[in-house]
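# Observations on chain architecture
As a plain string of letters, each chain reads:
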Amino acid sequence: MTTVGRTRNETRSKPRQLEALAFYLGAHGIDSAPVMEEIEARFNQEISEEKQEPLRNLHALEAKLQQVRKERPEAEALWQRIRKELGDTPPPFFHAIVMAVFACFALVLDTLFLAPTMDILNIADPALQYLAAAGVAAVCTGIFELSAWHFVNAKNVAQKHSALVSGGMGVLSLIVWGLLRGHQLRFAAGLAGNPLGDFLDAHPFLASVFFIFITLATPMVGAVALLHGWSEFSAARTWRRVRERFETLRTAEVTLSRQVQAEAGRLAEFDKRKAEECREWKSVFAYFYERGQRNGARREPLWSVLLKSAAGALIVTPLAFLVPAVWFPAQLAVPIIPGVALFAYFNHRRHHPSHERYLKAENTQFAVIPEAPKLREIHTPQPRLLSKGDPS
């Protein structure tokens, strides 16, 4: 019945329309089983509709929890391996910063050494000489750094050999570059008449070794410092990232488990609350159905309909004076027409009352308790004592 559904949507308290419907059906002896089934079906439908969003949330939480539990063993194994390799405390970034500073100093020193030799490359401007020297120093450092990195991370012998070949070519190039720098400096000192030229001519082997050393050592030291600093930085960052992922997954697993339990508990409480509410509705319906069967209702008397119709006609009677006196039939029609219409309306409602009005017209039965009979008082005679002159 639509009355039950409409009432259920309008109010969450005990529905007045349901009470009136139950009373009406009971008074007329109509079977209550279809309405009981409709109430139960209505609640089942509402439970299904209202549980869709919580069920979607629960399924989403369960999917997240399953994904976290799937990823956690791998993250935990990785964290245990990193923890065993790097220790329980996070590696500091300070050592990596120090190595980076050393590499920068090596590049600056190599730039200062190479700048005067840029005359060989026909670069005469001092600013351009320093710029070109910085580029050459960076290229040499990069060659050694990349060769060492590929050698350390090589997966087979061929990759190791290629890294050694590239590093060896860089060493040979810098040896030649160091010899060239020594000859160029000795030539420049001789043209200028500097005693340094005589010293270099007297000790050519020492000069060659020195220039090869400063040419080869600075980029190699810079490359080693960069590689070591990057290794320290990578270890510190890896330790923190792996630990953060493991802690995040562990916390997420605990949090999601609690959320899943809470959501499942809310759904269980929701089902229980709906079941209790459905039982309440059925109890209300059964109670008023029994009242309708027992008491019934009285019909509104005809005099009440006549009185309401006459009252309505009297209310509109003053409007008859707005009509000219020559239209006396029209003046009579002003109160008669509303009166007849009101009579038809109230009389129809008298014969066909709504469920609510039918409940209001319930026959009230008073239980009269008869008065208890009054008890008569029985006077007991007073005992008399015999005197000397009385007969026994």
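First, a word on what this report is: a plain description of the structure on this page. Because the structure is predicted, anything quoted here is derived from the model rather than measured.

## Some words on the side chain of Ser257
- Relative to the helices and strands, Ser257 is located in helix 9 (residues 204-295).
- At a separation of 2.7 Å, a polar atom in the side chain of Ser257 contacts the main-chain carbonyl oxygen of Glu253.
- What Ser257 contacts, discounting residues up to four positions off in sequence, is Leu65 and Arg69.

## Observations regarding the environment of Gln66
- Positionally, Gln66 belongs in helix 4 (residues 52-86).
- In this structure Gln66 comes out as exposed when scored by relative accessible area, which is 59%.
- For the pair Gln66 and Glu253, spaced 187 residues apart in the sequence, the C-alpha separation amounts to 8.8 Å.

## Regarding the nonpolar core
- Core analysis: the biggest nonpolar cluster contains 16 residues, and Leu25, Val35, Ile39 and Phe285 have the highest contact counts within it.
- Taken together, the elements giving at least two residues each to this core come down to helix 2 (16-27), helix 3 (33-50) and helix 9.
- Among the nonpolar cores identified, the runner-up in size contains nine residues, and Leu58, Leu65, Leu256 and Leu267 belong to it.

## Looking at a nonpolar patch on the surface
- A cluster of nonpolar side chains, namely Ile97, Val101, Phe102 and Phe105, defines an oily patch on the protein surface of about 410 Å² accessible area.
- Checked against the element boundaries, Phe102 lands in helix 5 (residues 94-114).

## With respect to the packing of aromatic side chains
- Applying the stated criterion across every chain, the model contains seven aromatic pairs.
- Ring geometry for Phe43 and Trp281: centres 5.4 Å apart, planes at 80°, overall edge-to-face. Remark: Trp281 occurs in helix 9 and Phe43 occurs in helix 3; sequence separation between them is 238 residues. As far as burial versus exposure is concerned, Phe43 and Trp281 are alike and both buried.
- Aromatic pair Phe285 and Tyr289: ring centres 6.0 Å apart, planes at 20°, arrangement stacked. On the criterion of helical spacing, the pair formed by Phe285 and Tyr289 is a turn pair, its members being four residues apart in helix 9.

Conventions we followed
Residues numbered from 1 in each chain as written. Predicted model: local features only at pLDDT ≥ 70, side-chain atom pairs only at ≥ 80, totals over all residues. Heavy atoms only, no water. Helix = DSSP H or I, 4+ residues; strand = E, 2+ residues; numbered from the N terminus. Polar contact = N/O pair within 3.5 Å; in protein donor to acceptor, adjacent residues only side chain to side chain. Contact = heavy atoms within 4.5 Å. Buried < 20%, exposed > 50% of the residue type's maximum accessible area, 1.4 Å probe, protein only. Core = buried A, V, L, I, M, F, W, Y, C linked by side-chain atoms within 4.5 Å. Patch = residues over 30% accessible without salt bridge, like charges linked within 9 Å, V, L, I, M, F, W, Y side chains within 5 Å. Areas by Shrake-Rupley, 256 points an atom, 1.4 Å probe, with all protein chains shown as cover. Salt bridge = Lys/Arg side-chain N within 4 Å of Asp/Glu carboxyl O. Phe/Tyr/Trp six-rings, centres within 6.5 Å; stacked < 30°, edge-to-face > 60°.

Scope: geometric values only; no functional claims are made or implied.
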